[in-house]
Amino acid sequence: MRAWTVDAEGLRLSEVPEPALRGGGVIVEVLASHLPAYTKAVVTGGRGGLPLPLILGPSCIGRVTAVAPDVFHVAPGDLVLDTALLNAGDGDEILVGWVGLGASGGNERTDRMREVWRNGAFAEKALCAKETMVKLPGAEDYPDPARLAFLPWLCVAAAGLHTAGPLAGRDVAVLGATGQMGGAAVLLALAEGAATVTAVGRNQAALDRLAELDSRVRTHQLTGDRATDAAAIGPVDVALDALGATPTADATMAAYDSLRVRGTLVLVGGVRQDLTIPYGEFMHRRLTLRGSWMSDDETVRTVWNLVRSGVLDLSAVELLKTGLTDPDSALDLAERTSGLSFVALVP
Ligand SMILES: NC(=O)c1ccc[n+]([C@@H]2O[C@H](COP(=O)([O-])OP(=O)(O)OC[C@H]3O[C@@H](n4cnc5c(N)ncnc54)[C@H](OP(=O)(O)O)[C@@H]3O)[C@@H](O)[C@H]2O)c1
């Protein structure tokens, strides 16, 4: 079969043997995978180490074709989301086929996990660990399964937003709303009944598109000045930071400043800066600062039900399809794609 493999020389399209079923495993026919905007940085080592060689790809929408005898929660014919997340407990987590280690940051146990479950989903077929498979009941009837490749980003955004409690009737801000994670967070907050959603980013065209979604959307184009940005964003009850790698923490701290008393700032983005939190002020404002990584099966089911019922309409997201044939062009396209657009790899 054809697959995107990465080794010391980089990423390429390869002909590889079809995966063979083994204990704890599920074989899926890959229907579509989201190609994250920053995949080029992942392949070139800019986002942490990949275990090489491997088949790349952190998640997919797939159709189950075979399951090992010890797998009971999915069956051949089911449409599933592959979350890629394998959790051994105590902070030892890996993303199969991708960078990203859990709270432990990696050790001998996560090395062993990556040895056994290494290959990802940018391929025609994938062997997945049963723990990464979440069934999507009724997805067989969804008009365009490739569009469902946006589900993983919606689920990560949802898991982050849900740490702040119910969103209905509350004012929510999304930092980096002009990226795909931020765009997903805006859609989710609207679907779950936020009173207002303030979309914050640099790209004015992407902000304008978000404003067209719903009259509850407000937009703010980042100025780079923390006080000015905070005044324009807030006051809000919940702020979700979904920014990519920024050179300073100013935009994140503007979101922090914009919180109401008892507000929550949730960090899910790619900012790798230290945050300076003033102890007394944090205490008196009774704030909450939360981190959130990836998603859980229950959140996947909640998000799928929002999509399935039409409460969250994925037609708001522009879908750009690409095949396996030309990895370099596909990565270029993904890099240029942001906001309410995403690239789905359809093998
Ligand atoms: N917590 C988790 O479980 C999880 C899971 C997946 C991904 N992530 C993280 O989520 C982040 C966002 O993902 P993404 O797919 O949306 O793609 P991304 O390309 O990494 O993020 C793009 C967003 O970051 C903004 N941005 C980038 N550089 C900036 C700068 N110097 N100043 C201000 N804003 C800047 C962009 O703003 P403009 O477009 O307006 O310029 C856009 O809103 C990623 O970095 C990734 O690490 C986290």
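Residues numbered from 1 in each chain as written. Predicted model: local features only at pLDDT ≥ 70, side-chain atom pairs only at ≥ 80, totals over all residues. Heavy atoms only, no water.

**Looking at the sheet that holds strand β13 (residues 217–221)**
What counts here: Note: two strands are recorded as paired if DSSP finds a minimum of 2 bridges between them. Numbering of helices and strands starts at the N terminus; helices are DSSP runs of H or I of at least 4 residues and strands are runs of E of at least 2. Whenever a helix is involved, its axis is fitted only over the stretch in contact; in every case the axis is a line through C-alpha atoms, and angles between N-to-C directions fall within 0 to 180 degrees.
Sheet architecture is open: six strands sit in the order β13-β12-β11-β14-β15-β16, paired in parallel fashion. Taken across any chain shown, the strands that pair with only one partner, and hence form the sheet edges, are β13 and β16 (288–291). Ignoring strand direction, the axes of neighbouring strands in this sheet form an average angle of 20°. The pairing of strand β12 (residues 196–201) with β13 spans five bridges and is classified as parallel. From the neighbouring strand, Val-197 faces β13, where its bridge partner is Val-217.

**Some details on the site of the ligand**
Our working rule: Throughout, near means a residue has at least one heavy atom within 4 Å of the molecule or strand. In protein, a polar contact means a hydrogen-donor-capable atom and an acceptor-capable atom, both N or O and within 3.5 Å, with residues adjacent in sequence counting only if both atoms are side-chain atoms; elsewhere, any N or O pair within 3.5 Å suffices. All accessible areas in this document rest on Shrake-Rupley with a 1.4 Å probe, and a residue is counted as covered only by the protein chains that are shown. Classes in brief: Ala, Val, Leu, Ile, Met, Phe, Trp, Tyr, Cys and Pro nonpolar; Asp, Glu, Lys and Arg charged; the others, Gly included, polar. Domains are outlined according to an automatic or database domain assignment.
In the vicinity of the ligand lie 25 residues, with Thr-178, Arg-202, Gly-244, Val-268 and Met-294 positioned nearest. Between an oxygen atom of the ligand and a main-chain N or O atom of Arg-202, the distance comes to 2.8 Å. With respect to the ligand, the backbone of Ser-292 contributes an N or O atom lying 3.0 Å from a nitrogen atom. Look at the ligand: alone it shows 910 Å² of surface, and the protein chains cover 84% of it. Mapped by element, the contributors of at least two residues to the shell around the ligand are α3 (151–162) and α4 (180–191). Classifying every residue of the shell around the ligand gives 12 nonpolar, 11 polar and two charged. When residues of the shell around the ligand are assigned to domains, at least three fall in each of domain 1 (2–151 + 317–345) and domain 2 (164–291).

**Focus on α4**
Threshold: A helix's residues, less one, multiplied by 1.5 Å, set its expected span. Think of it in three bands: with a 1.4 Å probe and only protein chains considered, a residue is buried below 20% of the maximum accessible area for its type, exposed above 50%, and partly exposed in between.
Here α4 contains 12 residues, and its C-alpha end-to-end distance of 16 Å stays within 8% of the 16 Å for a straight helix at 1.5 Å per residue. Burial analysis of α4 places 12 of its 12 residues in the buried class, which makes it a mostly covered element. Every buried residue of α4 is listed here: Gln-180, Met-181, Gly-182, Gly-183, Ala-184, Ala-185, Val-186, Leu-187, Leu-188, Ala-189, Leu-190 and Ala-191. Directly beyond the C-terminal end of α4, a positive phi value near 90° is found at Gly-193.

**Notes on the packing of aromatic side chains**
The test is simple: Centres within 6.5 Å are what make two rings of Phe, Tyr or Trp a pair, Trp counting through its six-membered ring; a difference in plane orientation under 30 degrees is then read as stacked, over 60 as edge-to-face, and the rest as tilted. By definition, being over a ring means that NZ of Lys or CZ of Arg is both within 6 Å of the ring centre and within 35 degrees of the ring normal.
Applying the stated criterion across every chain, the model contains five aromatic pairs. Each ring, one from Trp-98 and one from Phe-122, has its centre 6.3 Å from the other, and the planes form 75°; the classification is edge-to-face. Highlighted residues: Trp-98 in the loop between β8 (93–95) and α2 (108–116) and Phe-122 in the loop between α2 and β9 (125–129), separated in sequence by 24 residues. Here the aromatic cluster, defined as three or more aromatic residues joined through ring pairs, consists of Trp-4, Trp-98 and Phe-122. Against the face of Trp-117 rests Arg-22, its NZ or CZ located 4.2 Å from the ring centre. If you follow Arg-285 out to its NZ or CZ, it ends over the ring of Tyr-256, 5.2 Å from the centre.

**Considering the packing of α3 against helix α9 (residues 297–309)**
Selection rule: For classification, angles of less than 35 degrees are called roughly parallel, those exceeding 145 degrees roughly antiparallel, those between 65 and 115 degrees roughly perpendicular, and all remaining angles oblique. Take the far helix as your reference; a near helix turned counterclockwise from it by less than a right angle gives a left-handed crossing, and one turned clockwise gives a right-handed crossing. Contacts were defined at the residue level, with two residues in contact if any of their heavy atoms lie within 4.5 Å.
Their axes nearest at 9 Å, the elements α3 and α9 cross at an angle of 115°. Classed by the angle they form, the pair α3 and α9 counts as roughly perpendicular. Once α3 is placed against α9, the crossing between them reads as right-handed. Residues Leu-151, Leu-154, Cys-155, Ala-158, Ala-159 and His-162 of α3 lie in contact with α9, whose contacting residues are Thr-299, Val-300, Thr-302, Val-303, Trp-304 and Val-307. The residue makeup of the contact of α3 with α9, split by class, is nine nonpolar, three polar and no charged.

**A few points about the domain arrangement of the chain**
As a reminder, the rule being used: Accessible-area loss on putting two parts together, using a 1.4 Å probe and summing over both, is the definition of buried area adopted here. A pairing counts as a salt bridge when a side-chain nitrogen of Lys or Arg comes within 4 Å of a carboxyl oxygen of Asp or Glu.
Assigned domains within the chain: domain 1 (2–151 + 317–345) and domain 2 (164–291). Taking both partners together, domain 1 and domain 2 bury about 860 Å²; carbon and sulfur atoms supply 55% of that area. Among the residues of domain 1 in contact with domain 2, Phe-150, Gly-339 and Leu-340 are the three that bury the most area, contributing 58% of the side total. Taken together, the links from domain 1 to domain 2 amount to zero salt bridges. The interface formed by domain 1 and domain 2 contains six residue pairs in polar contact (both at pLDDT 80 or more). By residue class, the composition of the side of domain 1 that touches domain 2 is five nonpolar, five polar and two charged.

**Points about the state of the cysteines**
Note the following rule: In plain terms, two cysteine sulfur atoms within 2.5 Å form what is called a disulfide here.
Applying the stated criterion to the full structure yields zero disulfides. In this structure Cys-60 is not part of a disulfide, and its nearest cysteine sulfur, from Cys-128, lies 5.4 Å away. Overall, the relative accessible area of 5% leaves Cys-128 in the buried class.

**Concerning the packing of helix α6 (residues 226–233) against helix α7 (residues 250–257)**
The contact between α6 and α7 brings their axes to 8 Å, and the two run at 45°. Compared by their axis directions, α6 and α7 come out oblique. In terms of crossing hand, the pair formed by α6 and α7 is right-handed. Contact with α6, carried on its side by Arg-226, Asp-229, Ala-230 and Ile-233, involves Asp-250, Met-253, Ala-254, Ala-255 and Asp-257 of α7 and no other residues of that element. Among the residues making up the contact of α6 with α7, the classes are represented as five nonpolar, no polar and four charged.

**What about the environment of Leu-240?**
Along the polypeptide, Leu-240 turns up in strand β14 (residues 236–241). Measuring from C-alpha to C-alpha, the distance between Leu-240 and Thr-163 comes to 10 Å, with 77 residues separating the pair along the chain.

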